[in-house]
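Chain by chain, the residues:
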Amino acid sequence: MKILHIDSNHELMIEQLQAAGHINEEDYTSSKEEIEAKIDQYEGVVIRSRFKIDKQFLDAATNLKFIARVGAGLESIDIPYAESKGIALIAAPEGNRNAVGEHALGMLLMLFNKLKQADTEVRAGQWNREKNRGLELEGKTVGLIGYGNMGNAFSKKLKGFDCEVLCYDIRPNLGNENATQVSLEELQQRADVLSLHTPWTPLTDKMVNTEFINGFKKPFWLINTARGKSVVTEALTNALKSGKILGAGLDVLEYEKLSFENLFTETEQMPEPLQYLIQAENVVLTPHIAGWTVESKIKLAQTIVDKILALETK
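Okay, so let's go over this structure. (Residues numbered from 1 in each chain as written. Predicted model: local features only at pLDDT ≥ 70, side-chain atom pairs only at ≥ 80, totals over all residues. Heavy atoms only, no water.)

### As for the sheet that holds strand β4 (residues 66-69)
Across the sheet, which stays open at both edges, the five strands sit in the order β2-β1-β3-β4-β5 with parallel pairing between neighbours. Across the chains shown, the open sheet's two edge strands, defined by having one partner strand only, are β2 (23-26) and β5 (88-90). Taken over all neighbouring pairs, the strand axes of this sheet differ in orientation by 20° on average, direction set aside. Of the pairings in the sheet, the one linking strand β1 (residues 2-5) to strand β3 (residues 44-47) comprises three bridges and is parallel in character. When the bridges of β3 are listed, H5 appears paired with V46. (Pairing = 2+ DSSP bridges. Helix = DSSP H or I, 4+ residues; strand = E, 2+ residues; numbered from the N terminus. Axes fitted to C-alpha atoms, helices over the stretch in contact; angles between N-to-C directions.)

Okay, here's the thing in C-alpha cells:
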C-alpha cells in the first residue's frame, strides 16, 4: 500500500512498514486543503491530531483503506462517515495506557502529599512541616469513570495502595480483580477521589458540571487525564472555591484546540476560570502529556504498525 504520514512519529513505524513492502511518504507541513488535493493517491494515512478528518477529506480520499491515529482516541475523525465508506479505523490505546496510569497516580500522590506547594516553599526558604501534612491513599475510595485501557491501567497501579477502587462504565461486566463495577449513583455516594478515563463523546462532553459535582456525597479530589471538554472549568473552579472539590490534577483542559498542541492564539485572552486554576495551590496542571513518555512513543508506533500489518491478513 501507499501510505501518507501527516504527523511525525517514532522512526520504527516507517522502517517496519517499508520493510513489509509498503510505500511511505511524509508530509508534516502541508495544509489540510493541500493534503486533500492528493489524498486520492494513498491507500492509508497515519495521523495524530493535526487537523480534523471530516466528510470533505473523506470524500477526497477515494482510495483510502485505513486511517491510523497514533493515540488513544478517534474523535478527530468523522467515524460514521468513514465507516460508511468501508475505511478501517485504527487507534492505539494499548500503547500509552501504562503511561496514563502512572501519570494519574503521580498527580494524585502529588495532591495528597502537597508536593507542589511544599517544593515551592522550601525553594523560597520556608520550612512548613505541619502546613504540608499529607494524606494517605490507604483506606480511601477511588472512583473511575470509564474502564477501558486507561481505567484498567490506573486501577492496576492503585492495587498496592490498599484503597478501594470502584469503576463506572456504560458497558456492563467490566469489573475485575482491580476494580468493582458499580452504578454512577453508588460511585458518587462513596468516592473520595474521581478519575476520568473516558473518550470525548456526546455523552461525556461537559459531563462534569455543577449538577454532576453536587451529586457526590462527600468532598472529593478530581483527576482528569482523559479529555478537557468533559469538565466544565467554571463549575470546577466554583467547586474548588466552595471546598466541594478538594483539589484537582488536570492533564487536559476545556480550552485545548482539537490538535491538543496549544491553548490559545496570541490574540485570545485567558479565561478567568483558567487564571484561577493557575494560581490555585491545590491544582496540578500538565500540558496533555499523561500518555507521552519515551516508552509510550515506541509502544504507540509499534501498536499502529502491528494493526496495519494485521489488515493484510483479513
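### Points about the sheet that holds strand β12 (residues 283-285)
Overall, parallel pairing links the seven strands, which are arranged β8-β7-β6-β9-β10-β11-β12 in an open sheet. Two strands in the sheet have a free side with no partner beyond their single neighbour: β8 (180-181) and β12. Of the strand pairs in this sheet, strand β10 (residues 220-224) and strand β11 (residues 245-250) are connected by five bridges, and their pairing is parallel. Across the sheet, L222 pairs through a bridge with A248, a residue of β11.

### Observations regarding the nonpolar core
Ranked by size, the top nonpolar core spans 30 residues in total, and within it L194, L196, L222, L236, I245, L250 and L277 carry the most contacts. Elements with a contribution of two residues or more to this core: β9 (193-196), α9 (210-214), β10, α10 (233-242), β11 and α11 (272-279). Among the elements that take part in this core, α10 stands out by supplying four residues, more than any other. Once you skip the residues sitting within four places of it in the chain, L277 turns out to touch T233, L236, T237, L240, L250, L253, V283 and L285. Judged by nonpolar contacts, the second largest core, of 20 residues, contains M107, L137, V142 and F154. (Core = buried A, V, L, I, M, F, W, Y, C linked by side-chain atoms within 4.5 Å. Buried < 20%, exposed > 50% of the residue type's maximum accessible area, 1.4 Å probe, protein only. Contact = heavy atoms within 4.5 Å.)

### A few points about a nonpolar patch on the surface
A surface patch of nonpolar side chains, about 220 Å² in accessible area, is lined by M270, I278 and L285. Residue position: L285 is located in strand β12. (Patch = residues over 30% accessible without salt bridge, like charges linked within 9 Å, V, L, I, M, F, W, Y side chains within 5 Å. Areas by Shrake-Rupley, 256 points an atom, 1.4 Å probe, with all protein chains shown as cover. Salt bridge = Lys/Arg side-chain N within 4 Å of Asp/Glu carboxyl O.)

### Notes on the packing of helix α5 (residues 93-112) against helix α7 (residues 149-158)
Look at α5 against α7: their axes get within 8 Å of each other, and the N-to-C directions meet at 45°. Relative to α7, the element α5 is oriented oblique. In this structure, the crossing between α5 and α7 has a hand that is right-handed. Together, P93, E94, N96, R97, N98, V100, G101, E102, A104, L105 and L108 of α5 and N149, M150, A153, F154, K157 and L158 of α7 make up the contact between the two elements. Taken together, the residues of the contact of α5 with α7 break down into nine nonpolar, four polar and four charged. (Parallel < 35°, antiparallel > 145°, perpendicular 65-115°, else oblique. Left-handed = near helix turned anticlockwise from the far one by under 90°. Nonpolar A, V, L, I, M, F, W, Y, C, P; charged D, E, K, R; others polar.)

### Focus on the pattern of salt bridges
Taken as a whole and judged by the stated rule, the model has 17 salt bridges. Of the charged contacts in the structure, one is a salt bridge between K218 and D192, with a shortest N-O distance of 2.9 Å. With K218 in the loop between α9 and β10 and D192 in the loop between α8 (184-190) and β9, the pair connects residues that are 26 residues apart, well separated along the chain. Relative accessible area serves as the criterion here: at 29%, K218 is assigned to the partly exposed category. With relative accessibility at 16%, the residue D192 sits in the buried group. Among the charged side chains, a salt-bridge network with shared partners connects K32, E36 and D54.

### Focus: the environment of N282
Secondary-structure assignment places N282 in the loop between α11 and β12. Taking the relative accessible area as the measure of exposure, N282 reaches 24% and is therefore partly exposed. Sequence-wise, N282 and L115 are 167 residues apart; in three dimensions their C-alpha atoms are separated by 9.9 Å. Setting aside its immediate chain neighbours within four residues, N282 contacts L111, L240, L246, G247 and A248.

### Looking at the packing of α10 against α11
A packed helix pair is summarised by two numbers, namely the angle formed by the two axes and the spacing between the axes. Running from amino to carboxyl end, α10 crosses α11 at an angle of 45°, the nearest separation of the two axes being 9 Å. The orientation of α10 with respect to α11, classified from their angle, is oblique. Here α10 runs over α11; the crossing is left-handed. Of α11, the residues touching α10 (which contributes T233, E234, L236, T237, L240 and K241) are P273, Y276 and L277. In the contact of α10 with α11, the residues fall into five nonpolar, two polar and two charged.

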